[in-house]
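Report on the structure
Read off the chains here:
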Amino acid sequence: MKSELLFGICVTVFVLHTVNANFIAPMKNKTVTQGEDVVISCKISAGASYVKRSWTHKSTVIFANGNKLPKDRRITLLSNEFNEYTMQVKNVNTNDEGYYTCSLYLNLTYKSTMHLTVNVPPQLTDVSEDKTVDEHDPVILRCIAFGKPQPRITWRHLVPSADGVRATSKFLPLGSVKRGSAGIYECTADNGVSSPVTRSIRLSVNYPPEIDETLSPTTVLAPKGQTFYIECVTSGFPDPTFQWVMSDGKTFKKQSSNERFNVLTTKEGINTISKFYFSPLQLSDYGNYTCIASNQMGRVNTTIALSRKIVPPTRPPPGDLFNRKWTGDGNGGRNNSPLAKTLLSKHILIVIVTSVLAFLL
């Protein structure tokens, strides 16, 4: 009696034992990208008759023979033939990842298992907004990404000039920033799945105006009667605003009564340029002019001394009188007659008087 019971126990254990036999072809692992569709197929060689079967994901039964258990519409059974058992998952996500097992139930249970890996393209989830800070403020830029595998972060400083990789972490510490730290920073997340994603961050650095002495001469010569301008070349952020103090000590204001004067401001690269125009330049305009540039960070000024430039009057070359020929002298040579000498003397006198008057007026 005891031996029969022991045999029965042994037989029961033997029947429940799971065997991986040649009735099911081995399945290969698959890797897909989130959002794609995947087909998982189980090839059966257990003869021409239908064998009971099931699909399981992790420990959850998906299909029992042709019956679908979960209500997920993305999952369908494509084939339930005696030699093939194929299922499909549409628009896969990370919850679909894991082990899938195809099982056959004969006198023993035969199984084949594969692993589905679902990769996720990189996504930037938390990136610093554009920043405006004062010079010497501490700055740390942030770029946090999600993906599977975990994305690698790289930083570059694109503007004013592109440089190499600055860092490979989610934070970019810039320390105490200077005006040269300003520009556009690019954060890139890449995990080899789909294309890398990038985001740009503009960093603006406030600093007080500075006058470029090499481009803003403090002494200028200009002739009377012509349209002329003096200029003040500065840098600073925000862009400076300008005031001009004229030679009479008054601050220039655009009025209909002084239409000869005008101020134009232009931008060239990092420089802001203010030009003070005279149309035309008169004798009373000569003197000292002060350019004042200011922004929220401070102010600076420079004085330009505008002086008169004497332009000699246009006259024929002196040699023309000495070489001039007079008809009737009979020899074709130079005329040294009293008339020629008188004309030369008058010409020289006119030149001298004209030059003196031009200087005094």
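Right above here is the structure, for reference.
Please read these numbers as outputs of a predicted model, since none were measured by experiment.

As for its position among the elements, Lys30 is in strand E2 (residues 30–33). For the pair Lys30 and Leu116, spaced 86 residues apart in the sequence, the C-alpha separation amounts to 5.0 Å. Reaching out from Lys30, the side chain makes a polar contact with the backbone oxygen of Val39 at a distance of 2.4 Å.

Turning our eyes to something else, we now look at the sheet that holds strand E23 (residues 287–295). Here we have four strands laid out as an open sheet, ordered E18-E24-E23-E20, and mixed in their pairing. Taken across any chain shown, the strands that pair with only one partner, and hence form the sheet edges, are strand E18 (219–222) and strand E20 (241–245). Across the sheet, the mean angle separating the axes of adjacent strands is 25° when strand polarity is ignored. Pairing of E18 with strand E24 (residues 298–308) involves four bridges; the strand directions are parallel. Bridge pairing links Ala222 to Arg308 in E24.

Now for the state of the cysteines. For the structure on display, the rule yields three disulfides. Bridging Cys143 to Cys187, the disulfide has an S-S length of 1.6 Å. Of this pair, Cys143 sits in strand E12 (residues 138–148) while Cys187 sits in strand E16 (residues 183–190), placing them 44 residues apart in sequence. What pairs with Cys232 in a disulfide is Cys291, and their sulfur atoms sit 2.3 Å apart. Here the disulfide of Cys232 and Cys291 is left-handed, its torsion about the S-S bond being about -85°. Taken together, the positions of Cys232 in strand E19 (residues 228–237) and Cys291 in strand E23 put the pair 59 residues apart, joining distant regions of the chain.

So, on to unusual backbone geometry. With an omega of 0°, the peptide bond running from Lys148 to Pro149 counts as cis. As for its placement among the helices and strands, Pro149 is situated in the loop between E12 and strand E13 (152–159). For Lys58, which is not a glycine, the phi torsion comes out positive at approximately 60°. Here Lys58 lies in the loop between strand E4 (52–57) and strand E5 (60–64). A positive phi angle, close to 60°, is found at Ser194, a residue other than glycine.

Below, the discussion takes up the sheet that holds strand E8 (residues 84–89). Taken together, three strands build an open sheet; the order of strands is E3-E8-E7 and the sheet is antiparallel. Two strands close off the open sheet at either side, each with one partner strand: strand E3 (38–43) and strand E7 (75–81). Sheet twist, expressed as the average angle between the axes of neighbouring strands with direction ignored, equals 15°. Alignment of E3 against E8, held across six bridges, turns out to be antiparallel. In the strand pairing of E8, Lys43 is matched with Glu84.

Another aspect to go through is the side chain of Arg53. Looking at the secondary structure, you find Arg53 in strand E4. Salt bridges are absent for the buried Arg53, whose nearest opposite-charge side chain, Glu81, sits at 7.7 Å. From its side chain, Arg53 meets the backbone oxygen of Val51 in a polar contact 2.8 Å long.

For strand E22 (residues 271–278), the buried fraction is high: seven of the eight residues fall into the buried class. As defined by bridge partners, E19 adjoins E22 across eight bridges and the pair is classed as antiparallel. Among the inter-strand pairings, Ser235 is bridged to a residue of E22, identified as Asn271. Bridging between strand E21 (residues 261–268) and E22 involves eight bridges; their strand directions are antiparallel. Bridge pairing in E22 links Val263 to Phe276. Linking two consecutive strands that pair antiparallel, namely E21 and E22, is a turn of two residues; a positive phi of about 65° is found at Gly269 within it.

Moving on, we come to the pattern of salt bridges. Within this structure, the stated rule accounts for 10 salt bridges. Ionic pairing is found between Arg142 and Asp126, a salt bridge with its closest N-O pair at 3.1 Å. Taken as a pair, Arg142 in strand E12 and Asp126 in strand E10 (residues 109–127) lie far apart in primary sequence, 16 residues in all. Asp126 gets classed as partly exposed once you look at its relative accessible area, which sits at 32%. Each of Asp72, Arg74 and Asp96 takes part in a single network of salt bridges with overlapping partners.

It is worth spelling out the packing of aromatic side chains at this point. Inspection of the entire model under this criterion finds 10 aromatic pairs. Aromatic pair Phe23 and Tyr110: ring centres 4.7 Å apart, planes at 70°, arrangement edge-to-face. Placement of Phe23 in the loop between strand E1 (18–19) and E2 and of Tyr110 in strand E10 is noted, with a sequence separation of 87 residues between them. Consider the rings of Phe276 and Phe278, whose centres lie 5.1 Å apart with planes at 55°: the pair is tilted. Given a relative accessible area of 0%, Phe276 falls into the buried group. Cluster of aromatic residues (ring-pair linked, three or more members): Trp244, Phe252, Phe261, Phe276, Phe278 and Tyr289. When the ring centre of Tyr85 is taken as origin, the NZ or CZ atom of Arg53, which lies over that ring, is 5.2 Å away.

About the cut-offs
Residues numbered from 1 in each chain as written. Predicted model: local features only at pLDDT ≥ 70, side-chain atom pairs only at ≥ 80, totals over all residues. Heavy atoms only, no water. Helix = DSSP H or I, 4+ residues; strand = E, 2+ residues; numbered from the N terminus. Polar contact = N/O pair within 3.5 Å; in protein donor to acceptor, adjacent residues only side chain to side chain. Pairing = 2+ DSSP bridges. Axes fitted to C-alpha atoms, helices over the stretch in contact; angles between N-to-C directions. Disulfide = S-S within 2.5 Å. Buried < 20%, exposed > 50% of the residue type's maximum accessible area, 1.4 Å probe, protein only. Lys, Arg positive; Asp, Glu negative; His and termini not counted. Salt bridge = Lys/Arg side-chain N within 4 Å of Asp/Glu carboxyl O. Phe/Tyr/Trp six-rings, centres within 6.5 Å; stacked < 30°, edge-to-face > 60°. Lys NZ or Arg CZ within 6 Å of the ring centre and 35° of its normal.

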